[in-house]
Amino acid sequence: MALISLSRRLRRTPFSDGVEAAGVKGYTVYNRMLLPTVFRSIEEDYRHLKEAVQVWDVACERQIEIRGPDATRLVQMLTPRDLRAMLPGQCYYVPIVDETGGMLNDPVAVKLAEDRWWISIADSDLLFWVKGLAYGFRLDVLIQEPDVSPLAVQGPLAEDLVAAVFGDAVRNVRFFRFGLFAFRGRQLVVARSGYSKQGGFEIYVEGSDIGMSLWHALMEAGRSMDVYAGCPNLIERIEGGLLSYGNDMTDENTPHECGLGRFCNTQTAIGCVGRDALLRVAREGPVRQIRAIEIYGDRVPGCDRLWPVMAGDTQVGHVSSAAWSPDFETNVAIGMVRMTHWDEGTDVDVITPDGVRAACVRDMFWA
Ligand code: THG
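The following refers to the structure shown.

This brings us to the sheet that holds strand β4 (residues 63–67). Here we have five strands laid out as an open sheet, ordered β5-β8-β9-β4-β10, and antiparallel in their pairing. With one partner strand each, in any of the chains shown, β5 (91–93) and β10 (142–144) form the two edges of the open sheet. Across the sheet, the axes of successive neighbouring strands diverge by a mean angle of 20°, strand direction being ignored. The pairing of β4 with strand β9 (residues 116–120) spans five bridges and is classified as antiparallel. Bridging from a neighbouring strand, Arg 67 pairs with Arg 116 of β9. Where helix α3 (residues 71–78) meets the sheet, its contacts fall on β4, β8 (108–113), β9 and β10, and the angle it forms with β9 comes to roughly 30°. Contacting β4, β9 and β10, helix α4 (residues 126–136) crosses the sheet at an angle of about 165° to β10.

What follows is the structure, given as structure tokens:
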């Protein structure tokens, strides 16, 4: 494939120098920013992520900062997840929906204070929607994309590595909670979260100027732990059932179709703009839903478009992400399947660019 030309519109990150020095081999574009996709090979990166610890440049998970007396009201307008019990220091995975109940994004919401939030977004231009709502409803808030860049530390040794740089107190941070920890005289948000099932932390690096200094500190402290630069890993995230906005779901899907019903409390999420639409679809239940799909046979090619899922001559869904799993010795995939064929064990065919493959619908992911 040809190369992508760089320009100001495709943003580098505070960690790009470190990523390049580590020998990054592939990038994607996410929120108009560079996101590494492969260092050694996707399978070598996968093995290393499951055995050691990696530092990930996920600066492309941009923050939308919402500040002011109406901040919490505005965040509740965005999501059907009930935020009333959420305290400062907590993070919530929140589906964001429009007035039809369609998914606009699936960010992590970080509650910094009663009147200050960060929305750590997936790949869609959510800032315009948030600013539009604030303007239209005359809300007393300030909204901006701050100079905050997440750096993730993921893998079984992540806690040891983060403790070596920030101190042993980070060990007490619970899943989807954060604390403030000092680095170079600055207090940084350090949360136990991240886009893998291997465990780890995300450091919200406030101020691009300290980005490379933190990168080097982690690499130095992790030398005995076989630390390496890494990135969200395609195989590992499919095994774990972590969804990718724009790939596995779009604004054509409701949270229920995405299997995110457990993050919706639509009855009590008063103020959510998609509430009426979701109350309607939640009553009926979805007629298609995200499923794990096992594709038999040897390695499938990369999935860069939807692959039809067939029952005989009838299309009953599509596959949106797929990869060969070395650990499960099969092709793992994520797809959307119509209710007539979504039961565990249903045999289907998947039309891949390499030909038709036998496949099977699973009701659980692999990890
Ligand atoms: N971390 C941060 N921001 C992000 C991501 C992240 N923004 C973009 C993208 N990732 C948003 N998507 C997800 C998808 C899944 C999860 C987090 C963000 C996730 N899910 C867990 C799960 O499904 O098992 C836990 C959810 C829960 O129990 O609350 O972590 O990774 N900062």
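Right, picking up where we left off after that structure.
Within the structure, the ligand sits among 18 residues, and Asp 106, Ser 120, Lys 197, Glu 202 and Tyr 204 are positioned closest to it. At 3.3 Å from a nitrogen atom of the ligand is found a side-chain nitrogen or oxygen belonging to Glu 61. Measuring from an oxygen atom of the ligand, one finds a side-chain N or O atom of Lys 197 at 2.5 Å. Protein chains bury 88% of the 640 Å² of accessible surface belonging to the ligand in isolation. Among the residues forming the shell around the ligand, the class breakdown is 11 nonpolar, two polar and five charged.

A few words on the packing of helix α5 (residues 158–166) against helix α6 (residues 211–221). Helix packing geometry: the angle between the two helix axes and the distance between the axes. Their axes nearest at 9 Å, the elements α5 and α6 cross at an angle of 120°. Comparing the axis directions of α5 and α6 gives the class oblique. Crossing angle aside, the handedness with which α5 passes α6 is right-handed. Contact residues: Leu 161, Ala 164, Val 165 and Phe 166 in α5; Leu 214, Ala 217, Leu 218 and Ala 221 in α6. Split by residue class, the contact of α5 with α6 holds eight nonpolar, no polar and no charged.

This part takes up the environment of Glu 257. Its location among the elements puts Glu 257 in the loop between α7 (234–239) and α8 (275–284). With a relative accessible area of 9%, Glu 257 lands in the buried category. Sequence separation of Glu 257 and Arg 288 is 31 residues, and the distance between their C-alpha atoms is 5.9 Å. With residues near it in sequence (within four places) discarded, Glu 257 still touches Glu 252, Pro 286, Arg 288, Gln 289, Ile 290 and Met 336.

Okay, the nonpolar core next. Of all hydrophobic cores here, the largest spans 76 residues; its most connected members are Phe 166, Ile 203, Leu 214, Trp 215 and Leu 218. Ranked by the residues each element gives to this core, the list is headed by α5, at six residues. Among all residues touching Phe 166, those that are not within four sequence positions of it are Phe 181, Ala 182, Phe 183, Leu 188, Val 190, Ile 203 and Leu 214. Counting residues in each nonpolar core, the second largest holds 24 residues, with Met 77, Trp 117, Val 130 and Leu 133 among its members.

Reading the values: rules and limits
- Residues numbered from 1 in each chain as written.
- Predicted model: local features only at pLDDT ≥ 70, side-chain atom pairs only at ≥ 80, totals over all residues.
- Heavy atoms only, no water.
- Pairing = 2+ DSSP bridges.
- Helix = DSSP H or I, 4+ residues; strand = E, 2+ residues; numbered from the N terminus.
- Axes fitted to C-alpha atoms, helices over the stretch in contact; angles between N-to-C directions.
- Contact = heavy atoms within 4.5 Å.
- Near = heavy atom within 4 Å.
- Polar contact = N/O pair within 3.5 Å; in protein donor to acceptor, adjacent residues only side chain to side chain.
- Areas by Shrake-Rupley, 256 points an atom, 1.4 Å probe, with all protein chains shown as cover.
- Nonpolar A, V, L, I, M, F, W, Y, C, P; charged D, E, K, R; others polar.
- Parallel < 35°, antiparallel > 145°, perpendicular 65-115°, else oblique.
- Left-handed = near helix turned anticlockwise from the far one by under 90°.
- Buried < 20%, exposed > 50% of the residue type's maximum accessible area, 1.4 Å probe, protein only.
- Core = buried A, V, L, I, M, F, W, Y, C linked by side-chain atoms within 4.5 Å.

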